[in-house]
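# A structural walkthrough
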Amino acid sequence: MEQFLSQFVNGVQIGTIYALIALGYTLVYGIIQLINFAHGDLIMLGAYTAFISVTSFGLPFPAAFVLAMVVCGIANVLIERIAYKPLRDRPRLVALITAVGVSLLLENGGRVVPFIGPTYRRFPEAIAARKYYLTSTVFITNIHILNVAAAASLMLILHYVITNTKIGMAMRATALDREAAKSVGIDTDLVISITFAIGGTLAGAAGVLWAVVYPRLNPYMGLIPGLKAFVAAVFGGIGSIPGAVVGGLIMGLVEVFATVAHSQLAEGVFFIILIGILLLRPTGLLGRPFVGRA
Amino acid sequence: MHLLRHKNLLNIVAIVLCYVVLWGLNVHRLLSDYILFVIMCGLINAIMTVSLNLVTGFTGQFSIGHAAFMAVGAYTSAVMTKLVFHIGLSTPSPLREVFFLVSLLVGSLASAVVAYLIGIPTLRLKGDYLCIATLGFNQILVVLLNNLHVLGGPRGFIDIPKLSNLAWIMGFTVVSVAVISNYAHSIFGSQSMAVREDELAAESLGIDSTKYKINAFVLASFFAGAAGGLLAHLLQLAHPTQFTFLKSIEILLMLVVGGMGSVHGSILAALVLTMLPEVLRFSQDLRLVIYPLLLILFAVRNPLPYLRQQVAEVWEVKVKPVIVGHATILKRFFSGMLK
């Protein structure tokens, strides 16, 4: 029971980070139906931005956190403008391949650039870990609390933006029908850019949180969490925002418990659950059913 | 189903000619082993791309799990040849070559069977969900291979006899190109394309879309299995990391660059994209950046149709009249002689 509780805490921590990344996938997919393979690499970008600003420029951790979010948001908008925008009317597979190209470019670009480089770097311990014991063996650290609090507040802000603001309404309209949204005077290009900016910002935050939990940085670090978060987004129903959060949390818990059960096969369990869910509910846990043509 | 349409015949003749040229160069030691190796890898990728073309290009189903079927073929055939090598047959003999063919076919069949079993449930999924399910299957298989210690686990399956050579690889390329372009240009192919264009409309015309999806999937996996077997016996190694979803994406990339639904394009793109990293090797680490940049450039501004048009124009305006002219002169000359 005690082990269960402490693993549960870890699972929630990882799950919230996955959820943050998954939100980026889901927002972008919901609006332009693109599986943005390069999204995972924004985690790397965020982590390195924070790393450089803390170690080289001596910024305090909260400032580095915000800077990473801003850098990733801008980077994501630039990626969309340069690589994805010219492909709006082309087959979706072409856009998918471009996303793969962008992903390779970010990873390998990071490898080539001297201040990132191919070697592993260690993320500095930004906050001294402090343990709060719940029972005699189960504890929560302040890093756990920071992670979950940061992720949860970002999600709440996102929820507010989407449901209560004008731009949120424009985003929902664009996701529903881009042509119709354009015809009622919504600047859909701007909406798409804003969506990418939000997704990038969340990924940047997730990158810093990830680096705090797993402090080893390398240019390819975004690949696996990106893939897992993508699976989480699909699991919850890609395009659905609550789905991304639920999917992220479930996947975080599954990962932690599967690793306890069998450390080698854990990666496979992830995908077995995914395929199972897809077969039972072809559009994910909270996804909308297909309407008309897929 | 016409076995050999004249267009296919041209394809095959072209490939055989290439083979003769390569073989000649090889016999006279004009190609280094390295260049030959890269060409063989390119041809194996060509088999993969052409077969994926059947699923994605002609039938319109996104699959990011093609490398998984390659893995099934690679491991199955490697296990077979290695077992036989234990009981003899380690010296070159015709029997050994025959057995190699048998093991490749068994590997391909195993891959086709797996594809059938995977395809029945997953091909009901639509669009991106199929792509995700196949990606998941690919990762599950890699995890399994990493944990099956009988098959070498994370060390990989080693000491596979070196049986692949240019002739085998060329042969399989010819067969897969012939079969797949025949399939694609037959009635099966047109029904597959109907499914690609509009599944609902195709079904309302009485086309059993699931059947065509599964047919294409199984046939493509058959050739992917053969490609896997050839690769394993070329590298003398089958390793789980060779068959991750990154490999599947690489194949998808070749498909998109070559143009979906174009068999020529697939072959060309597979060869070029396999050689490109090697050509860029002079730039050391920078090649890692140049390669994706070229890819994005190709995707955003695909120059291939333009180039094709240019080549066609040059052919029509400059080359063809000359050839036709010479041919008529020759014809007149010979007919004059016969008179």
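Remember, predicted model here, so these are calculated numbers, not experimental data. (Residues numbered from 1 in each chain as written. Chains lettered and ligands numbered in written order. Predicted model: local features only at pLDDT ≥ 70, side-chain atom pairs only at ≥ 80, totals over all residues. Heavy atoms only, no water.)

### Considering unusual backbone geometry
Comment: phi is negative for the bulk of residues other than glycine, and the bulk of peptide bonds are trans. Formally: Only runs of H or I of at least four residues qualify as helices and only runs of E of at least two qualify as strands under DSSP, and these elements are numbered from the N terminus. Per-residue accessibility, obtained with a 1.4 Å probe over protein chains only, is compared with the maximum for each type, and a residue is labelled buried under 20%, exposed over 50%, and partly exposed between these values.
The backbone phi angle of Gln33(A) is positive, close to 55 degrees, even though this residue is not glycine. Relative to the elements of secondary structure, Gln33(A) occurs in the loop between α1 (2–32) and α2 (39–55). Taking relative accessible area as the criterion, Gln33(A) reaches 32% and is therefore assigned partly exposed. One non-glycine residue, Gln236(B), adopts positive backbone phi at about 60 degrees. Locating Gln236(B) in the fold gives a position in the loop between α9 (209–235) and β2 (237–238).

### Overview of a nonpolar patch on the surface
For clarity, the cut-off: Residues form patches when they are more than 30% accessible in relative terms and have no salt bridge. Like charges link within 9 Å. Nonpolar side chains (Val, Leu, Ile, Met, Phe, Trp, Tyr) link within 5 Å. Note that accessible areas follow from Shrake-Rupley with a 1.4 Å probe, and for residues the cover is restricted to the protein chains shown. For this analysis, a salt bridge means a side-chain nitrogen from Lys or Arg found within 4 Å of a carboxyl oxygen belonging to Asp or Glu.
Taken together, Val66(A), Val70(A), Ile74(A), Leu78(A) and Ile82(A) make up a surface patch of nonpolar side chains, about 470 Å² in accessible area. Along the chain, Ile74(A) falls in helix α3 (residues 61–84).

### Re helix α4 (residues 94–122) of chain B
Because an α-helix completes one turn every 3.6 residues, residues spaced three or four positions apart along the sequence face the same direction. Just so we agree on the cut-off: Multiply 1.5 Å by the residue count of a helix minus one, and that product is the helix's expected span. Between two residues, a contact is recorded if the distance between any of their heavy atoms is within 4.5 Å.
Taking 1.5 Å per residue, 29 residues should reach 42 Å; α4(B) reaches 42 Å between its end C-alpha atoms and fits that length. Every buried residue belonging to α4(B) is among Arg96(B), Phe100(B), Ser103(B), Leu104(B), Gly107(B), Ser108(B), Ser111(B), Ala112(B), Ala115(B), Ile118(B), Gly119(B) and Thr122(B), and all of these are buried. Against the buried residues of α4(B) lie α11 (266–280) of chain A together with α3 (66–86), α5 (127–147), α6 (166–184) and α9 of chain B.

### Quick notes on the packing of aromatic side chains
Where we set the bar: Side-chain rings of Phe, Tyr and Trp (the six-membered ring for Trp) are treated as a pair once their centres are within 6.5 Å; stacked means planes under 30 degrees apart, edge-to-face means over 60, and tilted covers the remaining angles. Think of it as a cone above the ring: NZ of Lys or CZ of Arg counts as a charge over the ring if it is within 6 Å of the ring centre and within 35 degrees of the ring normal.
Tallied over the entire structure, the rule returns 19 aromatic pairs over all chains. When the centroid spacing of 6.2 Å and the interplanar angle of 65 degrees are considered together, the rings of Phe61(A) and Phe65(A) count as edge-to-face. On the criterion of helical spacing, the pair formed by Phe61(A) and Phe65(A) is a turn pair, its members being 4 residues apart in helix α3. Phe65(A) matches Phe61(A) in its accessibility class, with the two residues each being buried. Both rings, one in Phe222(B) and one in Phe223(B), keep their centres 5.4 Å apart while their planes meet at 90 degrees; by these two values the pair is edge-to-face. For Phe223(B), a relative accessible area of 4% puts it in the buried group. Put simply, the rings of Phe4(A), Phe8(A) and Phe257(A) pair up and form one aromatic cluster. When the ring centre of Phe157(B) is taken as origin, the NZ or CZ atom of Lys82(B), which lies over that ring, is 4.4 Å away.

### Describing the confidence of the model for chain A
Rule in force here: Each residue carries a pLDDT score, the predictor's confidence in it, ranging from 0 to 100.
Put simply, chain A has an average pLDDT of 87, and 98% of its residues get 70 or more. Mean pLDDT across the elements of chain A bottoms out in strand β2 (residues 131–133) of chain A (80) and peaks in α3(A) (94).

### Observations concerning the interface of chain A and chain B
Defined as follows: Defined in terms of a 1.4 Å probe, buried area is the accessible area two parts forfeit on being brought together, summed over both. We call two N or O atoms a polar contact when they sit within 3.5 Å, provided that within protein one can donate a hydrogen and the other can accept it, with sequence-adjacent residues counted only if both atoms are side-chain atoms.
Contacts between the two partners involve 44 residues from chain A, matched on the other side by 41 residues from chain B. Between chain A and chain B, a total of about 3700 Å² is buried, with carbon and sulfur atoms accounting for 81% of that surface. Here chain A and chain B share 0 salt bridges between them. One can count 0 residue pairs in polar contact (both at pLDDT 80 or more) joining chain A with chain B. Looking at the side of chain A that touches chain B, the elements that each hand over two or more residues are α4 (92–112), α9 (223–236) and α11 of chain A. The leading source of residues in the side of chain A that touches chain B is α4(A), at 15 residues.

### What to know about the nonpolar core
Heads up, the rule is: The definition of a nonpolar core used throughout is a set of buried Ala, Val, Leu, Ile, Met, Phe, Trp, Tyr and Cys residues joined through side-chain atoms within 4.5 Å.
Core analysis: the largest hydrophobic core is formed by 183 residues, its most contacted members being Leu20(A), Phe37(A), Tyr84(A) and Leu230(B). Once you skip the residues sitting within four places of it in the chain, Leu230(B) turns out to touch Ile44(B), Ile47(B), Phe100(B), Leu104(B), Ser164(B), Trp168(B), Ile169(B) and Phe172(B).

### Let's talk about empty space enclosed by the protein
Residues and elements named next belong to chain A. Where we set the bar: Buried and open spaces are told apart on a 1 Å grid over the protein atoms alone, a cavity being a set of points where a 1.4 Å probe fits but cannot get out and a pocket being an open set with protein on both sides within 12 Å along at least five of seven lines. Residues with an atom within 4 Å of a point are the lining residues. Grid points are joined across faces, edges and corners, and a volume is the space filled by probe spheres set on the points.
This model, assessed by the stated rule, comprises 3 cavities of 30 Å³ or more. Its boundaries defined by the atoms lining it, the largest cavity holds a volume of some 100 Å³. Taken together, the elements giving at least two residues each to the lining of the largest cavity come down to α2, α4 and α9. It is α9 that contributes the most residues to the lining of the largest cavity, 4 residues altogether.

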